[in-house]
Amino acid sequence: MVRHSAARIGSACVASCALRRNSMSFVKIEGIGKVYEANGDSPAVRVLSDVNAEIAEGEFVCLMGPSGSGKSTLLTIVGAMNHPTEGRVLVDDIDVYGLEDERRADFRREYLGFVFQQHHLLPYLNALENAMLPLATTQLSTREKRERAVSVLEKVGLADKGSRLPNQLSGGEQGRLAIARAIVNEPPLILADEPTGSLDTKTGHEVMEVFMKLNRQGQTVFMVTHNPENSALAHRIINIVDGRVA
Amino acid sequence: MRISTIAFANLKRRKGKAIFLAIGIAIGIGTAVALLSLSGSIKEEIGSQLDRFGANIVVVPQSNSLSLDYGGLSVSSVSFDVKQLKNEDANSVLDIPFRNRISNVSPKLLGAVGVEGREVLLVGVDFNSELTLKRWWHVAGRNPEGEQELLVGYEVARALSLIEPSAPVVEPHVSHGGTHDSSEDQFQFKIVRDRIKLADKDHQVAGVISQTGGPEDRMIFGSLPHVQALLNKPGQLSLIEVSALCKDCPIEDIVAQISARMPDAKVSAIQQSVRARSETVERLTRFSAVVAAVVLGIGALMIFTTMMGSVIERTKEIGVLRAIGFRRAHIIKGLMIEVAAISLVGGLLGWAAGLLASWVALPYFAETRIGFEFQPLLAIAAIAAGLVIGTISSFYPIVRASRLDPSEAVRYV
């Protein structure tokens, strides 16, 4: 585990570091191992071994490592989508994989916002509807859902593009829309899997600015990235090599 | 935004596939509706045609006496009969619990009578009942109206020189139901004499029944009270013919009920026609059901494969929904709403198309033409069948979709 921003923060951040230390336990990754079972001709593959990490509330942590090192697998494990072979993940002291399947879906809705590299927006819903998507299964009224979606579109600078379909938006706008969808249910933790990976430099910056803004507002961000420019913006970097924290 | 919003938005996007599925269901349901409507209508027609064959129950007195022949049935001779049927017995047939199944009761008195030097079988009937029962009779002349008026069978009329062959020969027109036709050109004969001496009394011949090939060719029909008076048997009957409406008719039960009302009478069902009708209808119904089941099965397979394809195509989308917190139940609900909407449209279309098809096809299978009669039960059954088939055949693909591992599904593309 590398405290990337420790030198930059230095002694000037004693108070804030103390606060962060107090809440260090927001995400706990304890002894995570993952083996993908043999499938047909493919042999069983161990992707992660004894991964331990912690993320504090309000922290912006980047997960870096070479291709195939297990970054995305770790992100999906933290994202309550991929059962680990060993170890456990605690988010807000909730043992994520101790929950039964449907409760884990509820957990994802309540606690997590996921931003995918390909954004994975639903092409037949307009921007407003895409932003509203995680609220579809909640008990909120239609008006409340709409108000929240409009509010997050404003946050990511897409207030005037709510009626557009995803294919009518630029790459950067699609990225921002994916972020809007991830934060509409006000989750305490945002997980992002190379959110700028498919974008050019300029639009990549646009998207990163949104993440920074959200983090400044107190949102915890855990992001997989290959891009050193992105990781330079994070408080801390976790490097992972061959399935182990380096 | 609700789950249904997503489902309907998706249907709108995949219009082609939705229409294809709806048409598939419509073809299945339409075929079933058409076949069932057709077989139902044909069933009705066969039923009513068989009912038109006349009586399917005959009541005769219990007797070991010498009998006269009437259409292959043994009818006791008047002179030896000790347990004579009475006029009141005809009324008591209508007192049975299944009286609403009785369409016609035709009492008769039979007896030999001298007509211009010949012995002829004279039958006293209630003309209204008799002509309703014997719908295949074609009467040249008119139906009898007065007490003294007679209807004469073809052979008797010929023997008594009441008729002569006429030319040109024109086939009798197909108006059934014992109706008389004043246009004698439609018969192969013409009436040349309309008065005969029956039991030494002058009688008016109202009409002659065209040749049927049956026993009536050799009979003379008069009104029942008049014949009873002529034969000196006031209030007495030789037999009662009963016509029970035979669509799903419990003929044995009707026979049992009449027997209970008339313990001194022998009540017989003409089983043959009933059995033949039942077997024909059964075969037709079975055939329709099998064909409908095959077509519906093919439709279900088509829905299954289309839904499987659709689920595979939408793996990523389903993965995203699972990743952002949709429960398996939410995925199932969304997909079920889509299937239900398609099935509903398919069921409605199928019902309408099936009715139309049966309406168009019926004249090729039956004489009658049915009108567009709204049958709520059929409509409900068609829509329900569409929903059931759509749901059942989509069930496995939908459950499979809900079980997709979100991380795998998102990684899939």
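Above this text sits the structure in question.
These remarks concern the structure in this document. (Residues numbered from 1 in each chain as written. Chains lettered and ligands numbered in written order. Predicted model: local features only at pLDDT ≥ 70, side-chain atom pairs only at ≥ 80, totals over all residues.)

Residues and elements named next belong to chain A. The sheet built from six strands is open, its strands ordered E6-E7-E8-E3-E9-E10 with mixed pairing. Looking at strand neighbours, the two that pair on one side only are strand E6 (112–115) and strand E10 (244–245), the edges of this open sheet. As paired elements, E6 and strand E7 (residues 189–193) share four bridges and run parallel to each other. Each bridged residue has a counterpart across the sheet, and for Val115 the counterpart in E7 is Ala192. Against the sheet, helix H7 (residues 171–183) contacts E6 and E7, and its axis sits at roughly 165° relative to E6. (Pairing = 2+ DSSP bridges. Helix = DSSP H or I, 4+ residues; strand = E, 2+ residues; numbered from the N terminus. Contact = placed C-beta atoms within 7 Å. Axes fitted to C-alpha atoms, helices over the stretch in contact; angles between N-to-C directions.)

This brings us to the sheet that holds strand E5 (residues 94–95) of chain A. All names here are of chain A. Spatially, four strands are ordered E2-E1-E4-E5 in an open sheet, and the strand pairing comes out antiparallel. The open sheet is flanked by strand E2 (45–55) and E5, the only strands paired with a single partner. Where strand E1 (residues 27–36) and E2 come together, seven bridges link them in antiparallel fashion. Across the sheet, Ile29 pairs through a bridge with Ala53, a residue of E2.

On to the interface of chain B and chain A. Each partner contributes to the interface: chain B provides 24 residues, whereas chain A provides 24 residues. Looking at the side of chain B that touches chain A element by element, the count peaks at six residues for helix H1 (residues 3–13) of chain B. Split into classes, the residues belonging to the side of chain B that touches chain A amount to 12 nonpolar, four polar and eight charged. (Nonpolar A, V, L, I, M, F, W, Y, C, P; charged D, E, K, R; others polar.)

Bringing the pairing of strand E5 (residues 102–115) of chain B into the picture now. Residue and element names in this part refer to chain B. Bridging between E5 and strand E16 (residues 239–244) involves six bridges; their strand directions are antiparallel. Bridging from a neighbouring strand, Pro107 pairs with Ile240 of E16. Examined bridge by bridge, E5 and strand E6 (residues 118–125) share eight bridges and lie antiparallel to one another. Counterpart to Ala112 in the pairing with E6 is Leu121. Counting the residues in the hairpin turn of E5 and E6 gives two residues, including Glu116, whose phi is positive at 45°.

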